[in-house]
Amino acid sequence: DPDPKPKTTEVTAGSTAVFEAETEKAGIKVKWQRAGTEITGSEKYVIKAEGNKHSLTINNVGKEDDVTYAVIAGSSKVKFELKVKEAEKSETVTPAEAAPAAPASESPAPPVESSQNTEVSSAGTAPEEPLDPIGLFVTRPQDGEVTVGGNITFTAIVAGESLLKKPSVKWFKGKWMDLGSKVGKHLQLHDSYDRNKKVYTFEMEIIEANMTFAGGYRCEVSTKDKFDSSNFNLTVNGKTNSCHLISSFHHDFFFLTEGHEEGGEFNFSALLKKRGEAKSESHSDVDVWEILRKAPPSEYEKIAFQYGITDLRGMLKRLKRIKKEEKKSTAFLKKLDPAYQVDKGQKIKLMVEVANPDADVKWLKNGQEIQVSGRYIFEAVGNKRILTINHCSLADDAAYECVVGEEKSFTELFVKEPPILITRPLEDQMVMVGERVEFECEVSEEGATVKWEKDGVELTREETFKYRFKKDGKKQYLIINETTKEDSGHYTVKTNGGVSVAELIVQEKKLEVYQSIADLTVKARDQAVFKCEVSDENVKGIWLKNGKEVVPDERIKISHIGRIHKLTIEDVTPADEADYSFIPQGFAYNLSAKLQFLEPPKIHLDCLGQSPDTIVVVAGNKLRLDVPISGDPTPTVIWQKVNKRSDLVRSNDDSMTTSENSSDLNTDGKLLFESEGRVRVEMHEDHCVFIIEGAEKEDEGVYRVIVKNPVGEDKADITVKVIDVPDPPEAPKISNIGEDCCTVQWQPPKYDGGQPVLGYILERKKKKSFRWMRLNFDLLKDLTYEARRMIEGVIYEMRIYAVNSIGMSRPSPASQPFMPIAPPSEPTHFTVEDVSDSTVALKWRPPERIGAGGLDGYIVEYCKDGSTEWIPALPGLTERTSALIKDLVTGDKLHFRIKAINLAGESGAAIIKEPITVQEILQRPKIWLPRHLRQTLVKKVGETINIVIPFQGKPRPKIIWMKDGQILESKDVGIRNSNTDTILFIRKAELHHSGAYEVTLQIENMTDKVTITIQIIDKPGPPQNIKLVDVWGFNAALEWAPPQDDGNSQIIGYTVQKADKKTMEWYTVFDHYRRTNCVVSDLIMGNEYFFRIFSENLCGLSETAATTKKPAYIQKTGTTYKPPSYKEHDFSEPPKFTHPLVNRSVIGGYNTTLSCAVRGIPKPKIFWYKNKMDLSGDAKYRMFSKQGVLTLEIRKPTPFDGGCYTCKAVNECGEAEIECRLDVRGNQMNFTDNTNTAMKKVTAKKNKKYHRSLLSEPDFFGDI
């Protein structure tokens, strides 16, 4: 609990309020609340915790802060209030308020100059330097000055009191250059954390300063939600020897530009961009060219910063041309650039262009000629000469030359080592005290050096006894084998390119004591063993003797094996008699026991001469009872077990004798003790030992020891009580089974183990499962338990354990399997369907909820009005949802109810509210004619007619069918009647079945009738009197008459067809044609045609058609057709290449192809030449021509196959040729099989794509 507790405080608005609290222990987490909401640290609320003291500071208190606050520590909560009163008005202003402290940036500390080491400290010499009132900086870095070769340090201090995590700080030179990746020989970055002042200190140290280091710098600090920056300048005094600018950058300047994957040109202009913080000034009156002309190269960068030059490199090139006229090269068309840069591990290409394409070049590195290897590749492509360096390392950072004859081209290659990045960050962890913790992260480079910190303090190698550092490739590990509460905190891993932070929370574990140490009673020179067992095998502890730590020696030994701790004392002496305790480390436990030392003489028992003493031993444990004896001569010791039936004696000489007290005790011949058995007596000079190995229940009883010698005797009785876990109870019984519950009952065990039963543990499992689930965590005192939360329909079993102070019994036998089920709900929609003079028809629907027990059936009961006796209406259960109750007395008023039955029992009853009178009800006859029968029913001949007409009426009406006014008595028409409908059935409809059918219902003098019209239809006959009226031109006119038989249905049209006399194949001219005359057009001249016509009604087309007897002849006219004459077109053209040959550079040893496309008519002949030599007869070459695509395949070319290849196409209209150059590189590099395979796939893919583009060209060869 917080002690002392914070109290209600009254402060003035605008001032600061401080509340303090103190906890009993250090390290307890404390939460502060404002109006019920948790407070987090900020500028307004400052939360501090030092040991067990905690404080909350509220700055600039306002009226809105006048609320209730609270502090929470563990389960304790203390509330207090803050009273805010208005500030008193004052017209006078104190000097301190009128003149606030100036920012630190306005009064920088004077620069300090030193030839060896200069430090610009934020603290300065003044002990109370004003704090930075704005942003995150407590003190900003100041301007500095240093001489060439000296060292200087810039310091920035950041407030960390209100920050949850360490802020991120970056250092820049100029406007854009991040110095985080430039750490090396001339630059070092440091940071630290002051726990007392709660500030972070960040330092940038420049070593062996050079003139090029001068300029403007910037420090940026950022947190999760804040950002601040500060600018400062460095002045470097003194001059150095003049040297070339690029060499100066290479050897002394550590700020390198960012490289590309393939390397690139060194960008000096980007290095020297003017800082954004500098003021834009005009220097129109200063001649910069004159200044650069007179200045040494070491001053170039300083002049560029001073006068805002953004393209220094361009100016230097022009300046060099001014100073010295450059001699033009005759061997080089394009020389190497002055400098190149590449990232470590990447590749770069250095390329020159030579004037002579056949010229040989040499490549030198630091003056030594470079030999061809796997890392250095020489290429010659036309006039270009290329040096490729693979997998650049720091050893490749050198000067390179390309030599052609007497001329050279120089360049420098800068290899930049990329910063080590954290590719996979640390993760937060929560462990228990004593567990092993392993922090893991992954960096971008194998074997990289990283720095580990805990709460801002670096973990050094001197602490390896607690922390272990491990590297595995790119993975970095921090391992803490056994954690303690003090290991909680934030752990940080840092590289020169990134930072990762993770939190470790160490919680105390709850320790369970499985076996406590027990009191020991031993004799002199015997062994005492204190033993305990705890739940955590990693927990260590100390042993205390009367409050002082036990120091092990040759006689006293302490062991810890797994979860068992032992204290063993050999040759126990009287000085060893004391209180012994075991205290586990990190837990508030104290396990205590006494060691009691027995001093001999004769039989020295506390119970001697009194009632028998009782020794309690747990079943299975060893009982060792030392009985000191004395006497001269040495007495004879006799042990007896006294019980109701026997008194057997074992003497020290292993002879069986009968006790002298045989008058009081019975004896039999059963041997009780064996010399080497489980129960035995060991004799010594001055004492005897009674031992029972693995005590059992049968060993329980009264043991008598008798000591005899000629002088006399002594005896003592010892009662041994063996206690054990209870016997398993009998199988529990299950009753009151419900939907998800049941009642479990059991009986106490027959034997309680010698100790009272403390309670019971109940377990449950599913029938088909092997996993028992415990139902109670507190012991059950009663002999019944209501088990809940079971699944309906699943078969379960129960078993029970009995528990006493010794432990838990074996489980009881499983109960009989049972299934939680519930009866269904009551049936629904229970109604009366019909009532007669002696019957009642009932109907209902199944219950809404049936459950896992299913549904066995329904029981229907009735009760006379005014009576309470329910009588079953049906014998047994019915599974149907309707019932007809018969043999009822006419005129009785009856109540009906129904219940659903399953394994769980009966459901609730569904009851008809009003009583039902058993009496026939007269009902008027009424025919319910279906909607489709209210209009004419049309059927085809041969179809089945099935007409169902429902009706109502009571008693059962008389039904009469009539057709066309006469009673229907046809044999092929069937009529079936029931209580609710009448059915007319005709198996095969005929035309004579058509007509008006009348149905009449009659009950006494009441009738109802309806009429149904049935129309049977058939296919019509063919049309009559078809005539060919006229033929003219390409037309023929036809006429006909309607068919004689319309099939009892209206004719809806005709189908007209024609057929050529030659083929007699019929084609439809008109269908669904309604007129009886038509004109058939578009007939072919010179042909003769027959015509036929089908009639059509609702049943379909007629079976036969009416056909014209004579054909209609379409006469030919006298005109003749003369086709026009055309001049044949000349498609011939000379050959023309539509796709050229392409210059190629290939690797020797792999088949390669040269392809092009040509067109021409007639198809041209193709000739291939190499260096003007015909290749037709050379077996090394294969020529292909497919659809105008020409391919020359060169089998496994060598460097001798390089040269100029020509393709020539010739036909009778002309010829055309095209050429290309093929370079073959020697296969001398040690490529792996995977690389060769990849190059083959890429080459094949490119050739396939190239051929596909060639095939897309148009083809003019004709039939190729």
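Residues numbered from 1 in each chain as written. Predicted model: local features only at pLDDT ≥ 70, side-chain atom pairs only at ≥ 80, totals over all residues. Heavy atoms only, no water.

J.: Please explain the overall build of the chain as it appears in this structure.
T.: Per the secondary structure count, the chain includes 7 helices and 96 strands. Partitioning the contacts of the chain with sequence separation of at least 6, the portion at a separation of at least 24 is 63%. (Helix = DSSP H or I, 4+ residues; strand = E, 2+ residues; numbered from the N terminus. Contact = heavy atoms within 4.5 Å.)

J.: Explain the nonpolar core to me, please; I cannot follow it from the model alone.
T.: One finds F154, W171, M204, I206, Y217 and L234 to be the most contacted residues of the largest nonpolar core, which totals 25 residues. At the level of elements, β12 (151-159), β16 (199-206), β17 (215-222) and β18 (227-237) are the ones that each hand at least two residues to this core. For I206, the contacting residues outside a window of four places in its chain are G150, N151, I152, F154, H186, L187, F213, Y217 and L234. (Core = buried A, V, L, I, M, F, W, Y, C linked by side-chain atoms within 4.5 Å. Buried < 20%, exposed > 50% of the residue type's maximum accessible area, 1.4 Å probe, protein only.)

J.: What exactly am I supposed to notice about the side chain of D65 here?
T.: Relative to the assigned elements, D65 resides in the loop between β6 (53-58) and β7 (68-73). Judged by relative accessible area, which is 1%, D65 ranks as buried. Polar side-chain contacts of D65 include one of 2.9 Å to the side chain of K44. Only 3.5 Å separates the side chain of D65 from the side chain of Y45, close enough to count as a polar contact. (Polar contact = N/O pair within 3.5 Å; in protein donor to acceptor, adjacent residues only side chain to side chain.)

J.: Sorry if this is basic, but what is going on with the state of the cysteines here?
T.: Formally, a disulfide is one covalent bond, and it connects the sulfur atom of one cysteine to the sulfur atom of another. This model, assessed by the stated rule, comprises 0 disulfides. In this structure C741 is not part of a disulfide, and its nearest cysteine sulfur, from C742, lies 7.1 Å away. Here C742 falls in the buried class, since its relative accessible area comes to 1%. (Disulfide = S-S within 2.5 Å.)

J.: I tried to follow the sheet that holds strand β48 (residues 623-628) on my own but got confused; where do I start?
T.: Whether parallel or antiparallel, the strands of a sheet pair through hydrogen bonds between backbone atoms. Strand order in the open sheet made by the 3 strands is β48-β52-β51, with antiparallel pairing throughout. With one partner strand each, in any of the chains shown, β48 and β51 (679-683) form the two edges of the open sheet. On average, adjacent strands in this sheet sit at an angle of 15 degrees to one another, irrespective of strand direction. Looking at chain direction, β48 and strand β52 (residues 687-692) are connected through 6 bridges and run antiparallel. Within the sheet, the bridge partner assigned to L623 lies in β52 and is I692. (Pairing = 2+ DSSP bridges. Axes fitted to C-alpha atoms, helices over the stretch in contact; angles between N-to-C directions.)

J.: Is there a simple way to explain unusual backbone geometry in this structure?
T.: For the bond running from K954 to P955, omega is -10 degrees, close enough to zero to count as cis. Its location among the elements puts P955 in the loop between β72 (945-954) and β73 (958-963). The omega torsion of the bond from I1161 to P1162 falls at 0 degrees, within 30 degrees of zero and hence cis. In this fold, P1162 is placed in the loop between β90 (1152-1161) and β91 (1165-1170). The backbone phi angle of D887 is positive, close to 55 degrees, even though this residue is not glycine. Structurally, D887 can be placed in the loop between β65 (882-885) and β66 (893-902). According to the relative accessible area criterion, D887 is exposed, its value standing at 73%.

J.: When you look at a negative patch on the surface in this model, what are you seeing that I'm missing?
T.: A contiguous patch of negative charge, built from D972, E990, D1018, D1045 and D1046, is present on the exposed surface. By the element assignment, D1045 lies in the loop between β80 (1035-1041) and β81 (1053-1060). (Patch = residues over 30% accessible without salt bridge, like charges linked within 9 Å, V, L, I, M, F, W, Y side chains within 5 Å. Areas by Shrake-Rupley, 256 points an atom, 1.4 Å probe, with all protein chains shown as cover. Salt bridge = Lys/Arg side-chain N within 4 Å of Asp/Glu carboxyl O. Lys, Arg positive; Asp, Glu negative; His and termini not counted. Charge placed at Lys NZ, Arg CZ, Asp CG, Glu CD.)

J.: Help me out: how do you make sense of the environment of S592 in this one?
T.: Note on placement: S592 falls in strand β46 (residues 591-598). Along the primary structure S592 and S516 are separated by 76 residues, whereas in three dimensions their C-alpha atoms are 8.1 Å apart. Not counting residues up to four positions away in its chain, the partners in contact with S592 are I517, Y580 and S581. Among the polar contacts made by the side chain of S592, one reaches the side chain of S581 at a distance of 3.0 Å. Within the structure, the side chain of S592 is placed 3.4 Å from the side chain of N590, a separation counted as a polar contact.

J.: For this particular structure, what's the right way to read the packing of aromatic side chains?
T.: Ring pairs (aromatic) are described by centroid distance and by the angle formed between their planes. Going through the model one piece at a time under the given rule, you end up with 23 aromatic pairs. Between W32 and F80 the ring centres are 6.3 Å apart and the planes differ by 80 degrees, which places this aromatic pair in the edge-to-face class. Of this pair, W32 sits in strand β3 (residues 30-34) while F80 sits in strand β8 (residues 76-85), and the two are 48 residues apart along the sequence. Since its relative accessible area comes to 2%, W32 is described here as buried. On the basis of relative accessibility, which here comes to 2%, the residue F80 falls in the buried class. (Phe/Tyr/Trp six-rings, centres within 6.5 Å; stacked < 30°, edge-to-face > 60°.)

J.: Please clarify how the pattern of salt bridges should be interpreted in this entry.
T.: Any two side chains of opposite charge can pair, on the condition that their charged atoms come close. Inspection of the entire model under this criterion finds 44 salt bridges. Two residues, D396 and K365, come together in a salt bridge whose shortest N-O distance is 3.6 Å. Of the two residues, D396 sits in the loop between β26 (384-389) and β27 (399-404) while K365 sits in strand β23 (residues 362-365), which places them 31 residues apart along the sequence. For the pair formed by D396 and K365, the shared burial category is buried. R624 is the partner of D626 in a salt bridge, and the nearest nitrogen-oxygen pair spans 3.7 Å.

J.: Help me understand the confidence of the model for the chain in this model?
T.: Low-confidence regions, as indicated by low pLDDT, have predicted coordinates that should not be scrutinised in detail. Taken residue by residue, the chain gives an average pLDDT of 80. The fraction at 70 or more is 81%. Considering only residues more than four positions removed or in separate chains, one finds that residues 644-672, a stretch of pLDDT under 50, has 59 contacts. Every residue in residues 1230-1246 is under pLDDT 50, and counting partners more than four places away or in other chains gives 5 contacts. (pLDDT = per-residue confidence, 0-100.)

J.: Where do I start with the environment of K416 in this structure?
T.: Relative to the elements of secondary structure, K416 occurs in strand β28 (residues 407-416). According to the relative accessible area criterion, K416 is buried, its value standing at 6%. For the pair K416 and D343, spaced 73 residues apart in sequence, the C-alpha separation works out to 4.7 Å.

J.: Help me understand the pairing of β12, please; the structure alone is not making it clear to me.
T.: Side-chain direction in a regular strand flips from residue to residue, so the side chains alternate between the two faces of the sheet. Across the 9 residues that make up β12, a large majority, 8, are buried. Pairing of strand β10 (residues 137-139) with β12 involves 2 bridges; the strand directions are antiparallel. Opposite T139, over in β12, you have I157 as the bridge partner. As paired strands, β12 and β16 are joined by 8 bridges and run antiparallel to one another. Residue pairing across strands places T155 opposite E203, the latter belonging to β16.

J.: What exactly am I supposed to notice about the environment of T1013 here?
T.: Inspection of the secondary structure puts T1013 in strand β78 (residues 1006-1017). For T1013, the residues in contact, after removing those within four places along its chain, are Q935, T936, L937, G995 and A996.

J.: I keep staring at the sheet that holds strand β57 (residues 759-766) and nothing clicks. Help me out?
T.: Strand order across the open sheet formed by 3 strands is β58-β57-β60, with antiparallel pairing between neighbours. The open sheet terminates on both sides in strands that have one partner only, identified here as β58 (773-774) and β60 (796-803). As judged from the 2 bridges shared by β57 and β58, these two strands associate in the antiparallel manner. Bridge pairing in β58 places R764 opposite M773.

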